[in-house]
Amino acid sequence: MRRGDSDRLEAAIISAREEASELSIANQSRLAQLMTVWVSGYLEATCREVLRAYARNRADPQVYRFVSRNLERFANPNMQRIVDLVGSFDRDAARKLEEFADGSIRDSVDGVVAQRHNIAHGRPSGTTIANVARQFEDAKKLAGKLKSLFQ
């Protein structure tokens, strides 16, 4: 993913949510699945973008290149993986993020990744536009917290 991907994905999710009411139920279900994949991508992109910017501002160019390349491997952003990634930069920030995300945010982030796996492997996901929209709102809250921790 490239810099700015989180903004592009956020715009796509918002647009899809706004247009969903005009679709048939079957197409709404398909759109909810696509939105689930986008929300997962939004979380990946946000983590990469925030931590790349942090490394760019605090490290010399060689260290930044190393960090940037290693961030490309970050995938399947459930809460534990996000907390572990953040902890590799700052243990205190990881603790704060974990405390912040306890409850519905954790459930949304973990749920979107689980749903994405079901979708990718052709299993029924049972997700809805309303469910994905709620998960996306929680993902945005998590992204905001992550950004505030690494400014």
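Refer to the structure printed above.
From a predicted model like this one, the values you see are computed outputs, not experimental measurements.

Chemist: Talk me through unusual backbone geometry; I want residue IDs and the actual numbers.
Modeler: Despite not being glycine, Asn-76 shows a phi value in the positive range, around 55°. One can find Asn-76 in the loop between α3 (61-71) and α4 (79-89). In this structure Asn-76 comes out as partly exposed when scored by relative accessible area, which is 26%.

Chemist: Can you lay out empty space enclosed by the protein for me, pointing to particular residues and giving the numbers?
Modeler: Applying the stated criterion to the full structure yields one cavity of 30 Å³ or more. Reported here for the largest cavity is a volume of approximately 30 Å³. Residue lining of the largest cavity: Leu-43, Thr-46, Cys-47, Ile-82, Leu-142, Ala-143 and Leu-146, and that is the complete set. The set of elements that each furnish at least two residues to the lining of the largest cavity consists of α2 (25-58) and α7 (129-149). Grouping the amino acids of the lining of the largest cavity by side-chain chemistry returns six nonpolar, one polar and no charged.

Chemist: Before we move on, could you go through the packing of α4 against helix α6 (residues 104-120) and cite the residues and values that matter?
Modeler: When two helices pack together, their arrangement is given by the angle between the helix axes and the distance between those axes. For the pair α4 and α6, the least separation of the axes is 8 Å and the interaxial angle reads 105°. Taken together, α4 and α6 sit at an angle that is classed as roughly perpendicular. Along the contact surface, α4 presents Met-79, Gln-80 and Ile-82, while α6 presents Arg-106, Val-109 and Asp-110. Here the contact of α4 with α6 is composed, by residue class, of three nonpolar, one polar and two charged.

Chemist: Provide a residue-level description of helix α1 (residues 5-19), including the pertinent values.
Modeler: Taking 1.5 Å of rise per residue, the 15 residues of α1 would be expected to cover 21 Å, and the 21 Å separating its terminal C-alpha atoms lies within 8% of that figure. Among the residues of α1, Asp-5, Ser-6, Leu-9, Ile-13 and Ala-16 are the ones counted as buried. The arc enclosing the buried residues of α1, seen along the axis, measures out at 95°, which places them on a common side. Exposed side of α1, more than 90 degrees from the buried face: Asp-7 and Glu-18 are the residues found there. The secondary structure elements touched by the buried residues of α1 are α2 and α7.

Definitions and limits used
Residues numbered from 1 in each chain as written. Predicted model: local features only at pLDDT ≥ 70, side-chain atom pairs only at ≥ 80, totals over all residues. Heavy atoms only, no water. Helix = DSSP H or I, 4+ residues; strand = E, 2+ residues; numbered from the N terminus. Buried < 20%, exposed > 50% of the residue type's maximum accessible area, 1.4 Å probe, protein only. 1 Å grid on protein atoms, 1.4 Å probe; cavity = no way out; pocket = protein on both sides within 12 Å on 5 of 7 lines; lining within 4 Å. Points joined across faces, edges and corners; volume = space filled by probe spheres on them. Nonpolar A, V, L, I, M, F, W, Y, C, P; charged D, E, K, R; others polar. Axes fitted to C-alpha atoms, helices over the stretch in contact; angles between N-to-C directions. Parallel < 35°, antiparallel > 145°, perpendicular 65-115°, else oblique. Contact = heavy atoms within 4.5 Å. Expected span 1.5 Å × (residues − 1). Arc of directions from axis to C-beta.

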